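Notes for the structure review
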Amino acid sequence: MTLESLRPDVGLNDEDLVVPEASESFVSTPYVEEVTNRALVYLRAGYPVHLAGPSGTGKTTMAFHLAALWGRPVTLIHGNDEFSVSDLIGTNDAGYRRSKVVDNYIHSVVRTEEEMRQMWVDNRLTTACRNGDTLIYDEFNRSRPEANNVLLSVMSEGILNLPGLRTAGEGYLDVGGDFRAIFTSNPEEYAGTHKTQDALADRMITIRLNPPDRDTEIEIVKAKAGIDEFEAGHIVDIIRELRGSGENKTRPTLRAGIAIGKILGMVDGRARFGDRFFHGVCYDVVSTESAKVLHDGQSIFHQLVDSVIKQVCPPVGAQPRDDAANAQAQVKVKAVNAAFATKLNAFRS
């Protein structure tokens, strides 16, 4: 999937806020529309949406797409193991204020005033809650659970607890009515992730994203790489075939197909069996996962990729049919089928 274009919202002073705009290159298929429609219903009902799934399934892209359709400015947070509560809500920073006054009548007299005081600085979650904006918390399970506990009251009671402002009489903040939250996460067995506390998971609706169907993958590779459907289909079929060959059934991901398509597009290449450049590109792009496929302790990575390319792609020199040739072929197939059906009916009678 393609990422929505972003621009700073010139009407707001917070430089962290962005407004997602609809992108013409965003690929919408029945699969994408089904997920989008369900998620929008959940947001309208006031529930946070959690997009969960392995890498390369379009979680972040879908999150920005939903935010664009929702139409509010976006505050973006990326999960981090070093996050504390203050990294989400804000903190009292020590501010230093110094003023100098010069007496115009007695030039030799200079009065200097100095003042030391603490100043509260909102962080991104507080900003989103104050303004009623859309919070996108990307890979939220990379933050430690204790840091994310502050979200519990936000998502259930619509109240943000701000301990640092209690002395100023603002210890609690009512969350803006338009505030919505969209979370993304990788499975908890991924490196660098934490187990999500049950109380937080219970307050959101989780949509599990898996690698999309073949038609969706072809449309995405075609749009993102700028290649025709014929070549995109070959590339996607290679990726999908290799995806089922290793221990991890989700890799190589759609990103690998987009990368191969972009590279071929740059050199006006073709997905052909026997093309050494194309074979080399496939080795390099998908090697991270497919190279782990072993036989008798030895990697059979190149042999595996070569066999898949041979199975999926035409040989070097073969040209794809144009639209007219495809149409003529379809007419011939229909004529043969019709003739066979006529003979079969005559035989039965």
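Just above, that's the structure.
Here's a quick rundown of the structure.

Conventions and cut-offs
Residues numbered from 1 in each chain as written. Predicted model: local features only at pLDDT ≥ 70, side-chain atom pairs only at ≥ 80, totals over all residues. Heavy atoms only, no water. Helix = DSSP H or I, 4+ residues; strand = E, 2+ residues; numbered from the N terminus. Buried < 20%, exposed > 50% of the residue type's maximum accessible area, 1.4 Å probe, protein only. Areas by Shrake-Rupley, 256 points an atom, 1.4 Å probe, with all protein chains shown as cover. Phe/Tyr/Trp six-rings, centres within 6.5 Å; stacked < 30°, edge-to-face > 60°. Core = buried A, V, L, I, M, F, W, Y, C linked by side-chain atoms within 4.5 Å. Contact = heavy atoms within 4.5 Å. Lys, Arg positive; Asp, Glu negative; His and termini not counted. Salt bridge = Lys/Arg side-chain N within 4 Å of Asp/Glu carboxyl O. Expected span 1.5 Å × (residues − 1). Axes fitted to C-alpha atoms, helices over the stretch in contact; angles between N-to-C directions. Parallel < 35°, antiparallel > 145°, perpendicular 65-115°, else oblique. Left-handed = near helix turned anticlockwise from the far one by under 90°. Pairing = 2+ DSSP bridges.

Things to note about the overall build of the protein
- In terms of helices and strands, the protein carries 13 helices and 13 strands.
- Within the protein, the proportion of its 349 residues that are buried is 40%.
- Summing over all exposed atoms, the protein offers an accessible surface of approximately 19400 Å²; the carbon and sulfur share of this is 50%.

Describing the packing of aromatic side chains
- In the structure shown here, the tally under the stated rule is four aromatic pairs.
- Arranged with centres 6.0 Å apart and planes meeting at 65°, the rings of Tyr283 and Phe301 form a pair that is edge-to-face. With Tyr283 in helix H11 (residues 276–290) and Phe301 in helix H12 (residues 301–312), this pair connects stretches of sequence that are 18 residues apart. Judged on exposure class, the residue Tyr283 and its partner Phe301 are both buried.
- Each residue in the set Tyr137, Phe140 and Phe183 is aromatic and connected to the rest through ring pairs, giving one cluster.

Points about the nonpolar core
- Ranked by internal contacts, the top residues of the largest apolar core, which has 30 residues, are Ile238, Ile260, Phe278, Val286 and Val305.
- Put simply, the parts of the chain that give this core at least two residues each are helix H8 (214–225), helix H9 (229–243), helix H10 (254–266), H11 and H12.
- Not counting residues up to four positions away in its chain, the partners in contact with Val286 are Ile239, Leu242, Pro252, Ala256, Ile260, Phe301 and Val305.
- By size, the runner-up hydrophobic cluster in this structure holds 25 residues, among which are Ala128, Leu162, Leu173 and Phe179.

Some remarks on the side chain of Lys59
- Within the secondary structure layout, Lys59 lies in helix H2 (residues 59–70).
- Among buried charged residues, Lys59 stands out as having no salt bridge; its nearest opposite-charge side chain is Glu139, 4.5 Å away.
- Setting aside chain neighbours within four positions, we find Lys59 in contact with Leu51, Ala52, Gly53, Pro54, Glu139, Thr184, Ser185, Asn186 and Leu209.

Re H10
- When the terminal C-alpha atoms of H10 are compared, their 19 Å separation across 13 residues agrees well with the 18 Å that a helix rising 1.5 Å per residue should span.
- Just downstream of H10, Asp268 is the residue with a positive phi angle, here 55°.

Considerations on the packing of H8 against H9
- Where H8 contacts H9, the two axes come as close as 9 Å, and the packing angle between them is 125°. Compared by their axis directions, H8 and H9 come out oblique. Crossing hand, H8 versus H9: right-handed. Between H8 and H9, the contacting residues are Arg214, Glu217, Ile218, Glu219, Val221 and Lys222 on the first element and Glu229, Ala232, Gly233, Val236, Asp237, Arg240 and Arg243 on the second.

Looking at the pairing of strand E7 (residues 134–138)
- Within E7, five of the five residues are buried, which leaves the element mostly enclosed by the surrounding structure.
- Here E7 shows a buried face lined by Thr134, Ile136 and Asp138 and a second buried face lined by Leu135 and Tyr137.
- Pairing of strand E4 (residues 74–78) with E7, which is carried by five bridges, proceeds in the parallel orientation. Looking at E7, one finds that Val74 is bridged to Thr134.
- In this sheet, strand E10 (residues 180–185) lies alongside E7 in parallel orientation, the contact comprising four bridges. Its bridge partner being in E10, Leu135 is matched across the sheet by Ala181.

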